[in-house]
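Listed below, chain by chain, are the residues.
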Amino acid sequence: MQVHNFEKVWLGAAILLIVGFIATISYGTVGAGISMVDDSGGQISAQAVQNGNTGTQFDDPGVVQASEDQVVVYVVAQQFQFRPGSGDTPIRVPADTRVTFKVTSADVVHGFSITETNINTMVIPGQVAEVTAVFDETGTYGLVCHEYCGAAHHTMGGSVEVVPKDQYEPQEVSN
Ligand SMILES: [Cu+2]
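Residues numbered from 1 in each chain as written. Predicted model: local features only at pLDDT ≥ 70, side-chain atom pairs only at ≥ 80, totals over all residues. Heavy atoms only, no water.

A. Examining the overall build of the protein chain more closely. In terms of regular secondary structure, the protein chain is built from 2 helices and 10 strands. The linear arrangement of helices and strands in the protein chain, starting from the amino end, is α-α-β-β-β-β-β-β-β-β-β-β. Taking 175 residues into account, the globule formula puts the C-alpha radius of gyration at 16 Å, and the protein chain, at 21 Å, lies well above it. For the protein chain, the spread of C-alpha atoms along the three principal axes comes to 75 × 40 × 30 Å. Taking all 175 residues of the protein chain together, 38% fall into the buried category. Of the contacts made within the protein chain by residues no fewer than 6 positions apart, 66% connect residues no fewer than 24 positions apart. (Helix = DSSP H or I, 4+ residues; strand = E, 2+ residues; numbered from the N terminus. Rg over C-alpha atoms; globule rule 2.2 N^0.38 Å. Buried < 20%, exposed > 50% of the residue type's maximum accessible area, 1.4 Å probe, protein only. Contact = heavy atoms within 4.5 Å.)

Okay, here's the thing in structure tokens:
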């Protein structure tokens, strides 16, 4: 069979593109430092979260020192704020430390995304979203709700302050 040279070039280019697409999707799924959010966070009653009687740390959300090199941040997302995170209660965590965010919703579906990082999850009422990360750069990061959650969705945000590990004082940030 005679295949024209032009055909061979375009065939080659098309195969390269397909391989490239598969490579980028694979990297975005299982690449270094990337992990998918699964259902390991468990379930919780959204009504109880709203009433503050879950019997868990979500009744008094904030940053909890889990061990020498790990903190756990309990966050409640609700129309239209993160507790803690929004307003004058930024989430304060140490750098170079494993930080596990446990986020749940008291009402509708929200998003939890920390700018300049790959921390990004949906927050579904009845579920606890769990994301673990290490911040190696100090500074203030933005926190945004990226799932439309109601009329004031665009105002739902907050901040995460990452402080040097030796300056971090364990404290509960809650309201
Ligand atoms: Cu929201």
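B. A look at the sheet that holds strand β6 (residues 110-114). Taking strand neighbours across the sheet as the criterion, the 5 strands line up as β4-β10-β9-β6-β7 in an open arrangement whose pairing is mixed. The open sheet is flanked by β4 (91-94) and β7 (120-123), the only strands paired with a single partner. The average undirected angle you get between the axes of adjacent strands in this sheet is 20°. (Pairing = 2+ DSSP bridges. Axes fitted to C-alpha atoms, helices over the stretch in contact; angles between N-to-C directions.)

C. Representation of the coordination of the copper ion. Taken together, the protein ligands of the copper ion are His110 (ND1), Cys145 (SG), Cys149 (SG) and Met156 (SD), with distances of 2.1 to 2.4 Å. Each of the 4 donor atoms bound to the copper ion contributes to angles spanning 97 to 124°, and the resulting shape is tetrahedral. Counting the intervening residues between successive donors of the copper ion yields the motif H-x34-C-x3-C-x6-M. One end of the pair, His110, is in strand β6; the other, Met156, is in the loop between β9 (139-144) and β10 (157-163), and 46 residues separate them in sequence. Each member of the pair, His110 as well as Met156, carries the same accessibility label: buried. (Donors = N, O, S within 2.8 Å, 3.2 Å for Na, K, Ca; no water. Tetrahedral: all angles 85-135°; square planar, octahedral: opposite > 155°, others 65-115°.)

D. Inspection of unusual backbone geometry at higher detail. Along the chain, Gln79 connects to Phe80 via a cis peptide bond; the corresponding omega equals 0°. Here Phe80 shows up in the loop between β2 (70-78) and β3 (81-83). Here the phi dihedral of Asp96 falls at roughly 50°; this positive angle occurs in a residue that is not glycine. Looking at where Asp96 falls in the secondary structure, it is placed in the loop between β4 and β5 (98-105). For Glu116, which is not glycine, the phi dihedral falls at a positive 65°.

Note that all results are geometric; they support no functional claim without further evidence.
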